Amino acid sequence: MEKTDGNVSESGNEMTLDSVRDSLIRQEDSIVFSLIERAKFPFNSPTYQESHHSSSIPGISGSLIRFFVKESESLQAKAGRYQNPEEHAFFPDELPPSLVPPHTFPLVLHPAAASINVNNKIWDFYFNKFLPLLTVPGDDGNYASTASSDLTCLQAISRRIHYGNFVAEVKFRDAPHDYEPAIRAQDRDALMKLLTFEAVEEMVKKRVAKKAMTFGQEVSLNSTESQGKYKVDPPLVSRLYDEWVMPLTKLVEVEYLLRRLD
Ligand SMILES: O=C(O)C(=O)C[C@]1(C(=O)O)C=C[C@@H](O)C=C1
């Protein structure tokens, strides 16, 4: 099995529930590191205000964050980012075509996966609910770096949540007879029950808090000094997963399964 950058690069046939879960676990590292970087800056509200930049800077309409994400996605689309079925843009309607030769990613997913995009929900919880908990209030003027850190967080979180497509595909292949009746009945609640593993969710929440402690500790040569100071609050990372990341992953799984027999 060949792995690159923590992603499963294998044909669909070799994908197992364990291998897709391994990818989710590796993606936790990316998410925790991205949060640590964003938490370096205060909230920096001018990054998000509609008027602040649009009124004063010609060429930028809307907030700086929208401008930053749109322009970054446009560049990354040209460089081929969204050819990968694991990647989903926040502004998918205005993307230029890729300029690089296409890479043939293994055909794992049902084509319906291409129409599933929950990034508007991710955008909403990230900026309106989560960011005020992650950052300290304040303004240090580093708006572009702040927007850049936000984009890294958003992309890591989005990739993880949309990985639900692969998780759902593997679950379906492992037990088609369990899933087919609920899919034919278009029964969201039954699908949600079938794909939920509460013990796994508890482990995920504990592990991401532990990663926040490990990756976000102050490293000091005098080991007694660093105790209990973390760059990102470990319980907040558990909460991020509990309230938003895992529920939206499950939403993606349900949406995918509903279309799996189309
Ligand atoms: O590992 C799985 O089976 C998943 O579907 C992923 C996940 C998660 O988001 O972490 C979601 C639903 C399950 O209840 C457990 C974990």
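Above this text sits the structure in question.
Bear in mind the structure is a predicted one, so any value in this text is a computation, not a measurement.

A. Up close: the overall build of the chain. Of the regular secondary structure elements, the chain holds 10 helices and 2 strands. Secondary structure elements of the chain occur, N-terminal to C-terminal, as β-β-α-α-α-α-α-α-α-α-α-α. The C-alpha atoms of the chain give a radius of gyration of 20 Å, which matches the 18 Å a tight globule of 262 residues would have. Dimensions along the principal axes, computed over C-alpha positions, put the chain at roughly 55 × 50 × 35 Å. Looking at the chain as a whole, 48% of its 262 residues are labelled buried. The long-range share in the chain, meaning contacts at least 24 apart out of those at least 6 apart in sequence, stands at 75%. Here the chain displays about 13400 Å² of accessible surface, and carbon together with sulfur accounts for 54% of that area. Each charge class in the chain was averaged separately, 29 positive and 37 negative side chains, and the resulting centres sit 2 Å apart.

B. Inspection of the packing of helix α9 (residues 198-215) against helix α10 (residues 234-258) at higher detail. α10 packs onto α9 with a crossing angle of 140° between their chain directions and a minimal axis gap of 8 Å. Compared by their axis directions, α9 and α10 come out oblique. Crossing hand, α9 versus α10: right-handed. Touching Glu201, Val204, Lys205, Val208, Ala209, Ala212 and Met213 of α9 are Pro234, Val237, Ser238, Tyr241, Asp242, Met246 and Lys250, all from α10. Each residue belonging to the contact of α9 with α10 can be placed in one class, and the counts come to 9 nonpolar, 1 polar and 4 charged.

C. Spatial organisation of the environment of Tyr241. For Tyr241, the location among the structural elements is in helix α10. Judged by its relative accessible area of 0%, Tyr241 is buried. For the pair Tyr241 and Lys205, spaced 36 residues apart in the sequence, the C-alpha separation amounts to 6.5 Å. In contact with Tyr241, other than residues within four places in its own chain, are Glu28, Ile31, Arg160, Val204, Val208, Met246 and Pro247.

D. Main features of helix α6 (residues 164-174). α6 sits mainly inside the fold: 9 of its 11 residues count as buried. The inward-facing, buried residues of α6 contact α1 (17-39), α5 (143-162), α7 (176-184), α8 (188-195) and α10.

E. Unusual backbone geometry, seen in detail. Positive phi values are uncommon outside glycine, yet Asn44 reaches one of about 60°. Mapped onto the secondary structure, Asn44 falls in the loop between α1 and α2 (50-54). Unlike most non-glycine residues, Gln186 shows phi in positive territory, near 50°. With respect to the element layout, Gln186 can be found in the loop between α7 and α8. Relative accessible area serves as the criterion here: at 46%, Gln186 is assigned to the partly exposed category.

Scoring rules and cut-offs
Residues numbered from 1 in each chain as written. Predicted model: local features only at pLDDT ≥ 70, side-chain atom pairs only at ≥ 80, totals over all residues. Heavy atoms only, no water. Helix = DSSP H or I, 4+ residues; strand = E, 2+ residues; numbered from the N terminus. Rg over C-alpha atoms; globule rule 2.2 N^0.38 Å. Buried < 20%, exposed > 50% of the residue type's maximum accessible area, 1.4 Å probe, protein only. Contact = heavy atoms within 4.5 Å. Areas by Shrake-Rupley, 256 points an atom, 1.4 Å probe, with all protein chains shown as cover. Lys, Arg positive; Asp, Glu negative; His and termini not counted. Charge placed at Lys NZ, Arg CZ, Asp CG, Glu CD. Axes fitted to C-alpha atoms, helices over the stretch in contact; angles between N-to-C directions. Parallel < 35°, antiparallel > 145°, perpendicular 65-115°, else oblique. Left-handed = near helix turned anticlockwise from the far one by under 90°. Nonpolar A, V, L, I, M, F, W, Y, C, P; charged D, E, K, R; others polar.

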